[in-house]
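Close look at the chain arrangement
Listed below are the residues making up each chain.
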Amino acid sequence: MSTHLRGIKPSLAPDGEALTKAPTAPKHLTAQAKAEWRRIMPQLIARRIITQADLADVEAYCAAAGAVRQIGEALAMAGGLPDLKLGGLQIRYMQTARQLAAEYGLTPTSRARIGSSAPEGDDGSNPLLV
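Everything quoted here is computed from the prediction, not taken from an experiment. (Residues numbered from 1 in each chain as written. Predicted model: local features only at pLDDT ≥ 70, side-chain atom pairs only at ≥ 80, totals over all residues. Heavy atoms only, no water.)

1. Section: unusual backbone geometry
Residue Arg48 is not a glycine yet carries a positive backbone phi of 55 degrees. Along the chain, Arg48 falls in the loop between α1 (31-47) and α2 (55-77). (Helix = DSSP H or I, 4+ residues; strand = E, 2+ residues; numbered from the N terminus.)

This is the structure:
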């Protein structure tokens, strides 16, 4: 009998090549994107799931999250008048940021996935463990 795993992401686990110190934010990022970098990087380093190879994706996430904030600020400065083009662009950046955030355990659901595996040595006798 085969197990169907299509659409199920594997659990995140500490990586043997994980970074131990947060690199500085890339200079070309906007101020909002750099703020997001500084906010999330300590979490990613502490969980030991980020490697040098992952930095481009983390940078893309921060750029998307920064763009969401920039557009929000621009819309607020416009006096609250709806701008459909900017609003649509903001939605696309939000979707991209959410998808990238899920890859690194930055959403509640993806954090639950990280902690969902049973601890090593657990014999399954504790009925309160899910």
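2. Some remarks on α1
Over its 17 residues, α1 runs 25 Å from end to end, which matches the ideal 24 Å to within 8%, given 1.5 Å per residue. Helix geometry: α1 is bent most strongly at Ile40, by close to 30 degrees, with proline Pro42 lying one to four residues after it. Those residues of α1 not exposed but buried are Gln32, Ala33, Glu36, Trp37, Ile40, Met41, Leu44 and Ile45. (Expected span 1.5 Å × (residues − 1). Bend = angle between axes of the 7 residues up to and from the residue. Buried < 20%, exposed > 50% of the residue type's maximum accessible area, 1.4 Å probe, protein only.)

3. Let's talk about the nonpolar core
Counting residues in hydrophobic clusters, the biggest one holds 22 residues, and the most contacted among them are Trp37, Leu44, Val58, Tyr61 and Cys62. The set of elements that each furnish at least two residues to this core consists of α1, α2 and α3 (84-103). Those residues in contact with Val58 that lie beyond four places of it in its chain are Trp37, Ile40, Met41, Leu44, Ile50 and Tyr104. (Core = buried A, V, L, I, M, F, W, Y, C linked by side-chain atoms within 4.5 Å. Contact = heavy atoms within 4.5 Å.)

4. Observations concerning α2
Counted at 1.5 Å a residue, the expected span for α2 with its 23 residues is 33 Å, and the 32 Å between its end C-alpha atoms agrees. With its phi angle positive at about 80 degrees, Gly79 sits one or two positions after the end of α2.

5. Observations concerning the packing of α2 against α3
Where α2 meets α3, the axes come as close as 8 Å, and the angle between the chain directions of the two elements is 150 degrees. Classed by the angle they form, the pair α2 and α3 counts as roughly antiparallel. Here α2 and α3 pass one another in a crossing that is left-handed. On α3, the residues that touch Asp57, Ala60, Tyr61, Ala64, Ala65, Ala67, Val68, Ile71, Gly72, Ala74 and Leu75 of α2 are Leu86, Leu89, Gln90, Tyr93, Met94, Thr96, Ala97, Leu100 and Ala101. (Axes fitted to C-alpha atoms, helices over the stretch in contact; angles between N-to-C directions. Parallel < 35°, antiparallel > 145°, perpendicular 65-115°, else oblique. Left-handed = near helix turned anticlockwise from the far one by under 90°.)

6. Some points on the side chain of Glu36
For Glu36, the location among the structural elements is in helix α1. With residues up to four places along the chain from it excluded, the contact list for Glu36 reads Tyr61, Cys62, Ala65 and Arg69.

7. Here's the deal with the confidence of the model for the protein
Here the protein averages 83 in pLDDT, while 77% of its residues score no lower than 70. Between residues 116-124, whose pLDDT stays under 50, and residues either more than four places distant or in other chains, the model counts three contacts. (pLDDT = per-residue confidence, 0-100.)

8. Some remarks on the environment of Lys34
Topologically, Lys34 is positioned in helix α1. With relative accessibility at 23%, the residue Lys34 sits in the partly exposed group. When residues no more than four places from it in sequence are discounted, the contact partners of Lys34 are Ala25, Pro26, Lys27 and Leu29. Among the polar contacts made by the side chain of Lys34, one reaches the main-chain carbonyl oxygen of Lys27 at a distance of 3.3 Å. (Polar contact = N/O pair within 3.5 Å; in protein donor to acceptor, adjacent residues only side chain to side chain.)

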